[in-house]
Amino acid sequence: MSAPTFIPFTRPNFNQETIDAVAEVLRSGWVTSGPKLAEFESTLSEYFGGRPVRCFANGTATMKIALQVAGIGPGDEVITTPISWVATSNVILGVGAKPVFVDIDPITRNIDLNKVANAITPKTRAIMPVYLAGLPVDMDRLYAIANQYKLRVIEDAAQAFGSQWQGKRIGSIGDLVSFSFQANKNLSTVEGGCLVLNNEAEAKLAEKLRLQGLTRQGMDGMDVDVLGGKDNLTDVNAVIGLEQLKQLPSYQTRRAALARQYFDLIRTELKSAGLEDLNLELPVESFTDTNWHMFQVVLPLDQITIDRAQVMMELKDLGIGTGVHYPAITGFTLYKDQGYKTSDTPIAERIGRSILTLPLFPAMTDEDIGRIAKGLVGILKKYRKN
Ligand SMILES: *Cc1c(COP(=O)(O)O)cnc(C)c1O
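Throughout what follows, the structure given in this document is the object of discussion. Fair warning: this is a prediction, and the values are worked out from it, not measured in the lab. (Residues numbered from 1 in each chain as written. Predicted model: local features only at pLDDT ≥ 70, side-chain atom pairs only at ≥ 80, totals over all residues. Heavy atoms only, no water.)

## Overview of the site of the ligand
Point 1. Surrounding the ligand, one finds 16 residues, the nearest of these being Gly59, Thr60, Gln159, Ser180 and Lys185.
Point 2. One of the side-chain N or O atoms of Asp156 is found 2.8 Å from a nitrogen atom in the ligand.
Point 3. Between the ligand and Ser180 there is a distance of 2.7 Å, counted from an oxygen atom to a side-chain nitrogen or oxygen.
Point 4. Summarising the interface, the protein chains cover 93% of the accessible area of the ligand, which totals 380 Å² for the free molecule.
Point 5. Looking at the shell around the ligand, the element that brings in the most residues is helix 3 (residues 59-69), giving three residues.
Point 6. Split by residue class, the shell around the ligand holds five nonpolar, nine polar and two charged. (Near = heavy atom within 4 Å. Polar contact = N/O pair within 3.5 Å; in protein donor to acceptor, adjacent residues only side chain to side chain. Areas by Shrake-Rupley, 256 points an atom, 1.4 Å probe, with all protein chains shown as cover. Helix = DSSP H or I, 4+ residues; strand = E, 2+ residues; numbered from the N terminus. Nonpolar A, V, L, I, M, F, W, Y, C, P; charged D, E, K, R; others polar.)

## Let's talk about helix 12 (residues 366-382)
Point 1. Taking 1.5 Å of rise per residue, the 17 residues of helix 12 would be expected to cover 24 Å, and the 24 Å separating its terminal C-alpha atoms lies within 8% of that figure.
Point 2. Among all positions of helix 12, only Asp368, Ile369, Ile372, Ala373, Gly375, Leu376, Val377, Ile379 and Leu380 are buried.
Point 3. Contact partners of the buried residues in helix 12: helix 8 (235-272), strand 12 (295-298), helix 9 (308-317) and strand 13 (355-358). (Expected span 1.5 Å × (residues − 1). Buried < 20%, exposed > 50% of the residue type's maximum accessible area, 1.4 Å probe, protein only. Contact = heavy atoms within 4.5 Å.)

## Thoughts on the nonpolar core
Point 1. Counting residues in each nonpolar core, the largest one holds 41 residues, and the members touching the most others are Phe40, Leu44, Phe161 and Phe179.
Point 2. Going through the elements one at a time, helix 2 (35-47), strand 1 (53-56), helix 5 (116-119), helix 6 (139-149), strand 8 (176-180), strand 9 (193-196) and helix 8 are the ones with two or more residues in this core.
Point 3. Of all the elements, helix 6 adds the most residues to this core, at five residues.
Point 4. Apart from residues no more than four positions distant in its own chain, Phe161 is found in contact with Leu44, Tyr47, Phe48, Phe179, Phe181, Asn186, Leu187, Leu245, Leu248, Gln252 and Asn291.
Point 5. Membership of the second largest hydrophobic core comes to 36 residues, among which are Leu278, Leu282, Val311 and Ile320. (Core = buried A, V, L, I, M, F, W, Y, C linked by side-chain atoms within 4.5 Å.)

## Focus: the sheet that holds strand 8
Point 1. Judged by pairing direction, the sheet is mixed, and its seven strands sit side by side in the order 1-9-8-5-4-2-3 without closing on themselves. Either end of the sheet is taken by a strand with one partner, and the two such strands are strand 1 and strand 3 (98-101). Between one strand and the next, the sheet's axes are offset by a mean angle of 25 degrees, whatever the strand orientation.
Point 2. Both strand 8 and strand 9 contribute to a ladder of four bridges, which runs antiparallel. Bridging from a neighbouring strand, Phe179 pairs with Cys194 of strand 9.
Point 3. The sheet strands contacting helix 2 are strand 1 and strand 9, and the helix crosses strand 1 at an angle near 130 degrees.
Point 4. The sheet strands contacting helix 7 (residues 200-209) are strand 1, strand 5 (152-156) and strand 8, and the helix crosses strand 1 at an angle near 15 degrees. (Pairing = 2+ DSSP bridges. Axes fitted to C-alpha atoms, helices over the stretch in contact; angles between N-to-C directions.)

## Description of the pattern of salt bridges
Point 1. One pass over the structure, following the stated rule, counts 18 salt bridges.
Point 2. Here Lys208 makes a salt bridge to Asp225, at a shortest N to O gap of 3.0 Å. With Lys208 in helix 7 and Asp225 in the loop between strand 11 (221-224) and helix 8, the pair connects residues that are 17 residues apart, well separated along the chain.
Point 3. A residue is classified by how much of its surface remains accessible, and Asp225, at 47% relative accessible area, is partly exposed.
Point 4. Salt bridges linked by common partners bring Arg54, Glu200, Lys204 and Glu207 together as one network. (Salt bridge = Lys/Arg side-chain N within 4 Å of Asp/Glu carboxyl O.)

## Remarks on the environment of Thr80
Point 1. Mapped onto the elements, Thr80 comes out in strand 2 (residues 77-80).
Point 2. With a relative accessible area of 0%, Thr80 lands in the buried category.
Point 3. Those residues in contact with Thr80, other than ones at most four positions away along the chain, are Thr88, Ile92, Pro99, Val100, Phe101, Val102, Ile111, Met128 and Val130.
Point 4. Within the local environment of Thr80, its side chain forms a polar contact with the backbone oxygen of Met128, the two atoms lying 2.8 Å apart.

## Overview of helix 2
Point 1. With 13 residues, helix 2 should cover 18 Å at 1.5 Å per step; its first-to-last C-alpha distance of 18 Å lies within 8% of that length.
Point 2. For helix 2, every residue scored as buried is listed here: Leu37, Phe40, Glu41, Leu44, Ser45 and Tyr47. One side of helix 2 holds all its buried residues, which, seen down the axis, span an arc of 155 degrees. In helix 2, the exposed positions angled more than 90 degrees off the buried face are occupied by Pro35 and Glu46.
Point 3. At the exit of helix 2 stands Gly49, carrying a positive phi of roughly 70 degrees. (Arc of directions from axis to C-beta.)

## Considering the packing of aromatic side chains
Point 1. Throughout the structure, instances matching the rule amount to 17 aromatic pairs.
Point 2. Taking the centre distance of 5.8 Å and the plane angle of 25 degrees together, the rings of Trp292 and Phe295 count as stacked. In terms of burial, Trp292 and Phe295 fall into one category: buried.
Point 3. Their ring planes at 50 degrees and their centres at 5.9 Å tell us that Tyr335 and Tyr340 sit as a pair that is tilted. (Phe/Tyr/Trp six-rings, centres within 6.5 Å; stacked < 30°, edge-to-face > 60°.)

## So, the pairing of strand 10 (residues 214-217)
Point 1. Pairing of strand 10 with strand 11 involves four bridges; the strand directions are antiparallel. Paired with Gln217 across the bridge in strand 11 is Gly221.
Point 2. What sits between strand 10 and strand 11 in their antiparallel hairpin is a turn of three residues, with Gly218 showing a positive phi close to 70 degrees.

Interpretation in functional terms is not warranted from these geometric data alone.
Printed below as a string of structure tokens:
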């Protein structure tokens, strides 16, 4: 028997229409930011209920500009989560502010809103929550805290395009909401990102900040009045986004169906292996709020004799790719050198050590999920402590 095909943990999906649309832009004579970007931004604005939207070269630039639009800089503190892609706290450091890490909720794996008030000081200016795997936090709670303490909110919704809160799209409500269109995200422009803003004045500032701080007046008037960067999104990327938006509903349906399969088949496998007492933590079983950007389990490391890296190796030998999203940011050298300690956020430390991302992307088959559930539970059984 030949080896089973390898299932990566994720894979982008670009159809023929997307390839044709890119070719058309390349042939058009205008390839950087232009009419397709304007069309993408107005389509996104419609998608988010009419709020202003501006696009940027990537999600990291989008979050940086969100912080700049909110006026956050040296001397300011921003409350965030240690379980995220390091971009979240890197951009806080990048504008000269200080990230303050609050521990996570072990069920949602997002920032624990019950612990936010304790971390607020006179220097706190903003909260930057992250919607891990696309699952939003309790938005009513979040904005109640922000209003009470007069804080800005910069939502790192990089993973949450298409997610909802009580029937409302993430991005259609709230303060500044940042998305990423990086290759692995549910909606991808290869690289890219967008920011949902509150008003046209903020949108104008974001436009300046993404292009050297440039203002234009009249035909040949030009001035620079703020320090901007080079963070614009091109028409090539924008047209990919426009095509992806058309496919998004079918992607979302498929992702949710695959996630349901995971819940069913992992539970069935655990039961038939006699491992029901094994504390394998599954995600929040939400089929209304999350976009199923990822399906993540937390391994019962105290009940098995191997660590996460060994579990990943065993899965790889079965042709199953996995990922780690994410180790606690406070354990990285840059952060340790600034005095942060993973032990200050013990839940994040534990989950950062034991969380595992299983494959989930629209082109997967039901058989793939069966193979992964069987493979994972087989490994847990093999290495179970007596
Ligand atoms: C992808 C991602 C980002 C950054 O996006 P890029 O487009 O890669 O710069 C930020 N935060 C989170 C949680 C992400 O998943």
